[in-house]
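Each chain, letter by letter, is given below.
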Amino acid sequence: MTPLQALQKYFGYSEFRHEQEAIVQHVLNKKDVLALMPTGGGKSLCYQLPAVLLDGLTIVISPLIALMKDQVDALNVNGIPAAFYNSSQTPEEQIDLATKLKNNQVKLLYLAPERLFGNEGKLVSFLKTLTVSLVAIDEAHCISHWGHDFRPEYLALAGLKTAFPGVPVIALTATADKLTKKDILEKLNLQNPAVFISSFNRANITYRVIPKKNSFNQLLDFLDDRKDDSGIIYCLSRKSTEALAADLKANGFAAEAYHAGLDHAVKARTQEAFLRDNVKIIVATIAFGMGINKSNVRYVVHMDMPKNIEGYYQETGRAGRDGLPSDAMLLYSPGDANKLKQFAMIEDNPEQSRIMLNKLNDMVHYCQLHACRRQFLLKYFDEAFPDNCGSCDFCLTEFKKFDGTLIAQKLLSAVARLKERFGGTYVVDFLRGSRSEKIRADHKELKTYGIGADISKNDWLRHIRELCAMGYLQVTEDAYPVLKLTGKSEAVLKGLAKVELVLSETTEEQRPTEALPFETSLLTELKSTRRDIALHENVPAYIILSDATLQEIATYLPQSMDELRLISGFGDVKLARYGREFLLPVKSYCVKNGLASRIGQKTRKRERQAKTSLAPVRTRVSDTRSESLRLYKSGKNINDIAAARSLSPITIESHLAYFIQTGEMEVKEMVSESKIPAIKDAVESYGAERLAPLKEILGEDYSYGEIKAVVSWMQREGTLT
Ligand code: ADP
Ligand code: ZN
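Note that the structure is a prediction, hence the values are computed from the model and not measured.

Observations concerning helix α2 (residues 20-28)
Inference 1: Inspection of α2 places Gln-20, Glu-21, Ala-22, Ile-23, Val-24 and Val-27 among the buried residues, and these make up the whole buried set.
Inference 2: Phi for Lys-30, located one or two positions after α2, is positive at around 65°.

Okay, here's the thing in structure tokens:
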């Protein structure tokens, strides 16, 4: 079985994501691998698929019991025998597990790192008597002091390569910074490892930062049209998580608090209730999340500013693992930055304090940013991205600019007159000529007092933010922040520099609705079918099928098992086990409403979608694709490009096939003319839904790349239906 066939058979997916294919191939070739992929990128598949294809056992090291259970459930539902070994099991259960392992009845075994080498190495000795074919280390950044989740137990994993010589090790993490990466490679003793770094862009997440004022009302506004969705709300302190959860409950939301100070049993119960959708909102400190694999988290809100971009990105990344549109919203107040500054100072460690403060500054910079947030985030992780992502608050807002030089001059001279000793609110009140007692009497005598009465308070505050963002003004980072001039201010005051300000921020455009027109009431029925099955199987609903899969069903209305197979997420076992149960509501819905199957639109739809609404996805992917095209046009062959880019030739071929579809490349540049008719014939007879059967029919002489190329060309010509 090829990896692609196994992907469809066991996981129900028709194509690989990111670098999955290349990673799987390396592992199958017994190479050590380090894979860096964003949260939700699809790391698990990188070792689960080889585990299915290889003889023998795959050991998976994972730090959290909750996570293990989730993964094991998900594998079992897909018909892949998996198990975990941990302290919560009874001796009987452990003996039973040992027997199964001896009889080769388990493909994946999940373990916490301390288990493996603990207990005088008993477990490791036992495992050495079995055929171990792969070791996977999840959350590999836990081995690094530089990461934010250092776990000393992970250091023992250095012994893996000696305990299991010749067995490939794959390390996976969503932490991408260079120091952590270097640490992982060194401390795990990986041998000549291939390192795969996927794009860290999370195209389905929309990023927003809004100035914090009356945060609870702002939150309620945000939640207003998200009542049925699951979400995580992060707060800085334990106390505020509890207060906020209580307030939300009082407003009718199924919310619970979660923080490290809670009783273990309470935490476990809350987490479980969240996974099972009985609790919709978790209000948490950052203690919550690492073990959360829940794929249908629709939003992540930060009520307070996080300490650094790494943490923020990881936390927001918990939204939308299923690939459906999701939101990240942060409420920003400069006061938060000052609070955090105190935490960043680490006693007797100036070096570490400096690092933390720099990270905090980057975070503040992000919050005050007047540019594409996605581009900023990706740049932070050393990744280039175009400057209009189409799905952050900046890119979604239309700005009307005007010559604001005069306004800037008024503001800057007020700051100067007030001797750079007052904060934004005071300066604005002063400019607007407030009669309040708060304005000092001697200030009321100054010439600049009241010269800005024609501009609203809010607009002034916004202009202050703009001028700060452009570097004409700065806010000190003290307990009482004040406005100060900068090196650039003088040019404005002297009339040597023009300043453009934003006239008005027209409200955000509607988010491009990339959601397909699915049947909403059918989706509700499908969810209830899923809930029944999940209850029966005693697992969270999303383990049975993801929201994305249900949405596809409610869109394409499959009428038979064969049609259902074309829905992403139905592997053979899931299809056989649950297929019929999901077909029933679809069929009766269609009869009732006089609808027919739309499965025929599936490939066409995907294509059309890629061209219109999924702009952010397109830009991300097109970067890596364009690079392949550039190299190809410069005369390199596919294998050379693959080697140069540490990608598999298969990936390069699909990059190029894309350009055949867009018309930027001729099919003949990839396939010799004599081969085209045979491929075309095969596609016409068997369809292009799946390439594997085509390859089987065409035989050795035809590569996947050539088949893909012809399919793309036929799509372009419109000869593929
Ligand atoms: P990570 O561990 O990187 O955070 P997961 O392995 O949990 O991400 O994968 C996130 C989601 O994406 C899961 O629901 C998974 O089933 C799905 N997924 C993974 N690979 C693919 C693929 N090739 N096609 C479609 N969905 C995929
Ligand atoms: Zn943007």
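Regarding the domain arrangement of the protein
Inference 1: Each domain of the protein was delimited in the assignment, giving domain 1 (3-197), domain 2 (205-380), domain 3 (397-508) and domain 4 (520-717).
Inference 2: Relative placement of domain 2 and domain 4: their C-alpha centres are 34 Å apart.
Inference 3: The interface is formed by ten residues belonging to domain 2 together with nine residues belonging to domain 4.
Inference 4: Summed over both sides, the interface of domain 2 with domain 4 buries roughly 810 Å², with 54% coming from carbon and sulfur.
Inference 5: Of all residues in domain 2, Leu-275, Arg-276 and Leu-324 bury the most surface against domain 4, accounting for 52% of the area lost on that side.
Inference 6: Between the two partners, domain 2 and domain 4, sit zero salt bridges.
Inference 7: Joining domain 2 to domain 4, the criterion identifies two residue pairs in polar contact (both at pLDDT 80 or more).
Inference 8: Classifying every residue of the side of domain 2 that touches domain 4 by side-chain character gives two nonpolar, three polar and five charged.

A few points about the environment of Glu-664
Inference 1: One can find Glu-664 in the loop between α30 (649-662) and α31 (676-686).
Inference 2: Along the backbone, Glu-664 and Asp-228 are 436 residues apart, and their C-alpha atoms lie at a distance of 44 Å.
Inference 3: In this structure Glu-664 touches Lys-633 and Phe-659, once residues within four positions along its chain are discounted.

Considering the site of ligand 1
Inference 1: The local shell around ligand 1 holds 15 residues, among which Tyr-13, Glu-15, Gly-40, Lys-43 and Ser-44 are the closest.
Inference 2: Between a nitrogen atom of ligand 1 and a main-chain N or O atom of Glu-15, the distance comes to 2.9 Å.
Inference 3: One of the backbone N or O atoms of Gly-40 is found 2.5 Å from an oxygen atom in ligand 1.
Inference 4: Residue composition of the shell around ligand 1, grouped by class: four nonpolar, seven polar and four charged.

Reading guide: rules and limits
- Residues numbered from 1 in each chain as written.
- Chains lettered and ligands numbered in written order.
- Predicted model: local features only at pLDDT ≥ 70, side-chain atom pairs only at ≥ 80, totals over all residues.
- Heavy atoms only, no water.
- Buried < 20%, exposed > 50% of the residue type's maximum accessible area, 1.4 Å probe, protein only.
- Helix = DSSP H or I, 4+ residues; strand = E, 2+ residues; numbered from the N terminus.
- Domains from an automatic or database assignment.
- Contact = heavy atoms within 4.5 Å.
- Buried area = accessible area lost by both parts, 1.4 Å probe.
- Salt bridge = Lys/Arg side-chain N within 4 Å of Asp/Glu carboxyl O.
- Polar contact = N/O pair within 3.5 Å; in protein donor to acceptor, adjacent residues only side chain to side chain.
- Nonpolar A, V, L, I, M, F, W, Y, C, P; charged D, E, K, R; others polar.
- Near = heavy atom within 4 Å.

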